[in-house]
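What follows is the residue order along each chain.
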Amino acid sequence: QVQLVESGGGSVQAGGSLRLSCAASGFTFSRLRMGWFRQAPGKEREGVAGISTTGSVWYYADSVKGRFTISRDNAKNTVSLQMNSLKPEDSAIYYCAAATSLSARLTAADYNYWGQGTQVTVSS
């Protein structure tokens, strides 16, 4: 049974930092691409960051480049998202996702498995 469990969300003031983590189980973690997505109220789910199976290739949405960093630990079956210089517009529910397709980047339709999400709120 595939499980993706996010943690690390919370409330922070603008300019602050948060680190999200996702623990994966039920599949061979090192064979799947991983990604982080977010969805704000009234908006579509958008891709924030993606990472290749080996962790050597990353993809970022333009809105978070230079501020967010995605990483993975295949030995621990975890993927993380370090978020710095947070802005109020970063407020959303953040989801961890896994893709069997090796061409998956930041498109939600390319991802097969999803976590339940964790709330991030950035106040001005």
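These numbers were taken from a predicted model, which means no experiment stands behind them.

Rules used in this analysis
Residues numbered from 1 in each chain as written. Predicted model: local features only at pLDDT ≥ 70, side-chain atom pairs only at ≥ 80, totals over all residues. Heavy atoms only, no water. Helix = DSSP H or I, 4+ residues; strand = E, 2+ residues; numbered from the N terminus. Disulfide = S-S within 2.5 Å. Salt bridge = Lys/Arg side-chain N within 4 Å of Asp/Glu carboxyl O. Buried < 20%, exposed > 50% of the residue type's maximum accessible area, 1.4 Å probe, protein only. Core = buried A, V, L, I, M, F, W, Y, C linked by side-chain atoms within 4.5 Å. Pairing = 2+ DSSP bridges. Axes fitted to C-alpha atoms, helices over the stretch in contact; angles between N-to-C directions. Contact = heavy atoms within 4.5 Å. Polar contact = N/O pair within 3.5 Å; in protein donor to acceptor, adjacent residues only side chain to side chain.

Peer 1: Tell me about unusual backbone geometry, residues and numbers included.
Peer 2: Non-glycine residue N77 carries a positive phi angle of around 55 degrees. Summarising the element assignment, N77 is placed in the loop between strand 7 (68-73) and strand 8 (78-83). Of note, the phi angle at S85 is positive, near 50 degrees, even though the residue is not glycine. Checked against the element boundaries, S85 lands in the loop between strand 8 and strand 9 (92-99).

Peer 1: Before we move on, could you go through the state of the cysteines and cite the residues and values that matter?
Peer 2: On inspection of all chains with the given rule, the structure shows one disulfide. Bridging C22 to C96, the disulfide has an S-S length of 2.2 Å. Judged by the sign of its S-S torsion, about -75 degrees, the cystine formed by C22 and C96 is left-handed. Taken together, the residues span a long stretch of sequence, with C22 in strand 3 (residues 18-25) and C96 in strand 9 at a distance of 74 residues.

Peer 1: How would you sum up the pattern of salt bridges? Please name residues and give values.
Peer 2: Throughout the structure, instances matching the rule amount to four salt bridges. Note that R38 and E46 form a salt bridge whose closest N and O atoms lie 2.6 Å from each other. When its relative accessible area of 5% is taken as the criterion, R38 is described as buried. Classification of E46 as partly exposed rests on a relative accessible area of 33%. Here R38 ties to D90 by a salt bridge, and the two come within 2.9 Å at their closest N and O atoms. Of this pair, R38 sits in strand 4 (residues 33-39) while D90 sits in the loop between strand 8 and strand 9, and the two are 52 residues apart along the sequence. Where salt bridges share partners, they join R38, E46, R67 and D90 into one cluster.

Peer 1: Let's hear about the nonpolar core: which residues, and what values?
Peer 2: Formed by 29 residues in total, the largest nonpolar core has its most connected members in W36, V79, L81, M83 and Y94. Contributing elements (two or more residues each) for this core: strand 3, strand 4, strand 5 (46-51), strand 7, strand 8, strand 9 and strand 11 (118-123). Counting five residues, the second largest nonpolar core, distinct from the first, contains F37, A97, A99 and Y111.

Peer 1: Break down the sheet that holds strand 8 for me, citing the residues and quoting the values.
Peer 2: Strand order in the open sheet formed by four strands is 1-3-8-7, with antiparallel pairing between adjacent strands. Each having just a single partner strand, strand 1 (3-7) and strand 7 make up the two edges of the open sheet. When the angles between neighbouring strand axes are averaged without regard to direction, this sheet yields 15 degrees. Both strand 7 and strand 8 contribute to a ladder of six bridges, which runs antiparallel. The partner of D73 across the bridge, within strand 8, is T78.

Peer 1: Run through the side chain of D90, naming residues and quoting values.
Peer 2: For D90, a relative accessible area of 0% gives the class buried. Once residues lying within four places of it in the same chain are set aside, the contact partners of D90 are R38, R67, F68, S85, V120 and V122.

Peer 1: Summarise the side chain of S52; cite the residues concerned and give the values.
Peer 2: Take S52: it is sitting in the loop between strand 5 and strand 6 (58-60). In this structure the side chain of S52 is engaged in a polar contact, spanning 3.2 Å, whose partner is the backbone nitrogen of S56. When neighbours within four sequence positions are excluded, S52 is seen to be in contact with R33, V57 and R72.

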